[in-house]
Amino acid sequence: MASTIIDFHSHILPGADHGSASPSESQHQIALLRSAGMTSIVATPHFYPKYTSVRDFILLRERCLRDLKRIKRPDDPVIYLGAEVTLCRNLDKMPELDLLTVVGTDTLLIELPGDMDTSLVDTLIRIRSAGFNVVVAHPDRYRTKISEEVFSLGFRGQLNAEAFGIRSLLRRKRLLSWVDQGFIAAVGSDLHGTDTSYAQNISHMVSAFGDENLNFVASSTADLLSGAVPVDQM
């Protein structure tokens, strides 16, 4: 197993979204990820541009972070703070979009909508052109054609561990080919709640990747987090 496994996508901030309802639930989530071998965690609560402003989201996230910091233990994984931003038309023009990056970096985790089309790809390109290091959340959940079109434009993705809990050798082969081609910059649990299946899926992913791929992705993720500020220092 690689010495470092970074969970780049999790919903562990209590009350920030439907990932965790309370500080005690967040505590269980962190313990679950620690037991699964995660050495660092990026908390990425959902940001839905159609329903809230950046400022309101940041205020909520700060309140939830205070609750998280009260229950965090010294031996817990390092936690960083970001967001999972749903792509929408003209997102590149949204004021203060930079506040949604992983704190201390220019890295922005973006979720593609179900109605992804060419105009939204153009928006994604404009966000990158504005200086953001875009990572596409869970390309394993989109239609293969959409994910591979995005990869062909030079974007990289974050795989969900749950994709390796599905018994499909063909699908697993395709996902690992994405890693081999350098399309995958990070992995994540996409943890909501405390179901132990998340830890099992992480184990399946680790076995499927092997040390070489795990180390490659860990190095890529560390680059994405260069300069990131741990929540203990906020």
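Residues numbered from 1 in each chain as written. Predicted model: local features only at pLDDT ≥ 70, side-chain atom pairs only at ≥ 80, totals over all residues. Heavy atoms only, no water.

## Side note on the nonpolar core
The nonpolar side chains of a soluble globular protein tend to be buried with one another. Residues Phe8, Leu87, Leu91, Leu100, Ile110, Leu112 and Ile127 are the most contacted members of the largest nonpolar core, which totals 40 residues. For this core, the elements supplying multiple residues, two or more each, are strand S1 (6-10), helix H2 (54-71), strand S6 (107-111), helix H3 (118-129), strand S7 (133-137), helix H4 (144-152) and strand S9 (184-188). Counting 39 residues, the second largest nonpolar core, distinct from the first, contains Leu32, Ile41, Leu159 and Ala208. (Core = buried A, V, L, I, M, F, W, Y, C linked by side-chain atoms within 4.5 Å. Buried < 20%, exposed > 50% of the residue type's maximum accessible area, 1.4 Å probe, protein only. Helix = DSSP H or I, 4+ residues; strand = E, 2+ residues; numbered from the N terminus.)

## A look at the packing of aromatic side chains
Tallied over the full model, the rule gives five aromatic pairs. Ring plane angle 75° and centroid distance 6.3 Å describe the contact between tyrosine 48 and tyrosine 51, whose orientation is recorded as edge-to-face. Counting every residue linked through ring pairs, the aromatic cluster contains Phe151, Trp178 and Phe183. It is arginine 128 that lies over the ring of phenylalanine 155; its NZ or CZ is 4.0 Å from the centre. (Phe/Tyr/Trp six-rings, centres within 6.5 Å; stacked < 30°, edge-to-face > 60°. Lys NZ or Arg CZ within 6 Å of the ring centre and 35° of its normal.)

## Some points on H4
Taken together, the buried positions of H4 are Ile146, Ser147, Val150 and Phe151. Burial along H4 is one-sided: seen end-on, the buried residues are contained in an arc of 135°. Facing away from the buried surface of H4 by more than 90 degrees, the exposed residues are Lys145 and Ser152. Looking at the packing, one finds that the buried side of H4 touches H3, S7, strand S8 (156-160), helix H5 (169-180) and S9. (Arc of directions from axis to C-beta. Contact = heavy atoms within 4.5 Å.)

## Here's the deal with the pattern of salt bridges
Applying the stated rule across the entire model yields eight salt bridges. Between arginine 34 and aspartate 76 there is a salt bridge, and its shortest N-O distance comes to 2.3 Å. On the criterion of sequence distance, the pair formed by arginine 34 in helix H1 (residues 23-35) and aspartate 76 in the loop between H2 and strand S4 (78-81) is long-range, its members being 42 residues apart. Taking relative accessible area as the criterion, arginine 34 reaches 28% and is therefore assigned partly exposed. What makes aspartate 76 buried here is its relative accessible area of 10%. Where arginine 55 meets glutamate 96, a salt bridge forms, and the shortest distance between an N and an O atom there is 2.6 Å. You can see arginine 55 sitting in helix H2 and its partner glutamate 96 sitting in the loop between strand S5 (84-86) and S6, a full 41 residues away along the chain. (Salt bridge = Lys/Arg side-chain N within 4 Å of Asp/Glu carboxyl O.)

## Observations concerning the layout of surface pockets
As a volume, the largest pocket reaches approximately 190 Å³. Broken down by class, the residue content of the lining of the largest pocket amounts to seven nonpolar, one polar and four charged. (1 Å grid on protein atoms, 1.4 Å probe; cavity = no way out; pocket = protein on both sides within 12 Å on 5 of 7 lines; lining within 4 Å. Points joined across faces, edges and corners; volume = space filled by probe spheres on them. Nonpolar A, V, L, I, M, F, W, Y, C, P; charged D, E, K, R; others polar.)

## Examining the pairing of S9
Counting buried residues along S9, five of its five residues qualify, which places the element largely inside the surrounding structure. Both S8 and S9 contribute to a ladder of four bridges, which runs parallel. Bridge assignment links asparagine 160 to a residue of S9, and that residue is glycine 188. (Pairing = 2+ DSSP bridges.)

## Some thoughts on the packing of H5 against helix H6 (residues 197-224)
Helix-helix packing is described using two parameters, namely the angle between the two axes and the distance between the axes. Between H5 and H6, whose axes approach to 11 Å, the crossing angle comes to 30°. Classified by the angle their axes make, H5 and H6 are roughly parallel. Relative to H6, the crossing made by H5 is left-handed. Together, Arg172, Leu176, Val179 and Asp180 of H5 and Ala208, Phe209, Asn213, Phe216 and Val217 of H6 make up the contact between the two elements. Among the residues making up the contact of H5 with H6, the classes are represented as six nonpolar, one polar and two charged. (Axes fitted to C-alpha atoms, helices over the stretch in contact; angles between N-to-C directions. Parallel < 35°, antiparallel > 145°, perpendicular 65-115°, else oblique. Left-handed = near helix turned anticlockwise from the far one by under 90°.)

In short, the description is geometric, and any link to function would need to be established separately.
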